[in-house]
Amino acid sequence: NRVYHNIIHDCLGDGISSFQQAEDSEYYGNLIFNNGWWAPRVLGESALGNGHGIYTQNAAPSTKTVEANLFINAYSSPIKGAGTGSAKVENYDLTDNVSINGTFYYDVGGSSVDNVNLLREKVWGQTVALGYATSDNRTASIIDSYLAGSDLPVNLSDFNSIVSTGNTLAGA
């Protein structure tokens, strides 16, 4: 599956849904913006953003490639990798993407995370969150990336191995 050079915007749900069955998928050169919705909350609480630029799951040996995309104003996460007991978050290469505004840039968790690689990512105004809600994450790397404009540029949880080199991290 290849999604190349599209403009994907103002979708009421996710811009792209790519589940585990879409093996070895590639997403390249897309402009993805304003996808999602504000969910009403209890009186007195602020609305909660829902919907993602790309919602994805993947299991090894398949690799999902997300490269050279521009994400703007995701209601929740520009890229959401969410696993369950049977749906995995494994083997992702994210390279040369730019993301401006959202909640979490690469929001990954729900099942163990393995072999998630971010290379030359440019992220402004959101947190890169890897490995939430699980304690048996294996490997991830963030290399030569610029992550800024958030009070918490990176949140990494319970990994066996993290490679982080050549990055610029700056708060809000």
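Our structure's up above, just so we're on the same page.
Below is a short write-up of the structure. (Residues numbered from 1 in each chain as written. Predicted model: local features only at pLDDT ≥ 70, side-chain atom pairs only at ≥ 80, totals over all residues. Heavy atoms only, no water.)

### Let's talk about the sheet that holds strand β1 (residues 2–4)
For clarity, the threshold we go by: Any two strands are treated as partners once DSSP identifies two or more bridges connecting them. Helix and strand labels come from DSSP, where a helix needs a run of H or I of at least four residues and a strand needs a run of E of at least two; each type is numbered from the N terminus. Only the contacting stretch of a helix is used when fitting its axis, a line to C-alpha atoms as for every element, and angles between N-to-C directions run 0 to 180 degrees.
Taken in spatial order, the 7 strands line up as β1-β4-β9-β12-β15-β18-β21 in an open sheet, and their pairing is parallel. Looking at strand neighbours, the two that pair on one side only are β1 and β21 (159–165), the edges of this open sheet. The mean angle between the axes of side-by-side strands here comes to 5°, regardless of whether they run parallel or antiparallel. With 6 bridges connecting them, strand β12 (residues 89–95) and strand β15 (residues 113–119) associate as parallel partners. Its bridge partner being in β15, Thr95 is matched across the sheet by Leu119.

### Digging into the nonpolar core
As a reminder of what qualifies: By nonpolar core is meant a set of buried Ala, Val, Leu, Ile, Met, Phe, Trp, Tyr and Cys residues that side-chain atoms within 4.5 Å join together. Exposed residues in this analysis have more than 50% of their type's maximum accessible area, buried residues have under 20%, and partly exposed residues fall in between, with area computed by a 1.4 Å probe over protein chains only. A contact between two residues is defined here by any heavy atoms of the two lying within 4.5 Å.
Ranked by internal contacts, the top residues of the largest apolar core, which has 24 residues, are Leu94, Tyr105, Tyr106, Leu118, Val128 and Leu130. Taken together, the elements giving at least two residues each to this core come down to β12, β14 (104–109), β15, β17 (127–132) and β18 (137–143). With residues near it in sequence (within four places) discarded, Leu130 still touches Tyr106, Val108, Val116, Ala140, Ile142, Asn155, Leu156, Ser157 and Phe159.

### Some points on the sheet that holds strand β5 (residues 31–33)
A sheet is described by the order of its strands in space; here 7 strands give the open sequence β2-β5-β10-β13-β16-β19-β22, paired in parallel fashion. The two strands at the open ends of the sheet, each matched to only one other strand, are β2 (7–9) and β22 (168–170). If you compare each strand with its neighbour and ignore which way they point, the axes differ by 5° on average. As judged from the 3 bridges shared by strand β13 (residues 98–100) and strand β16 (residues 122–124), these two strands associate in the parallel manner. Note on β16: the bridge partner recorded for Val98 is Lys122.

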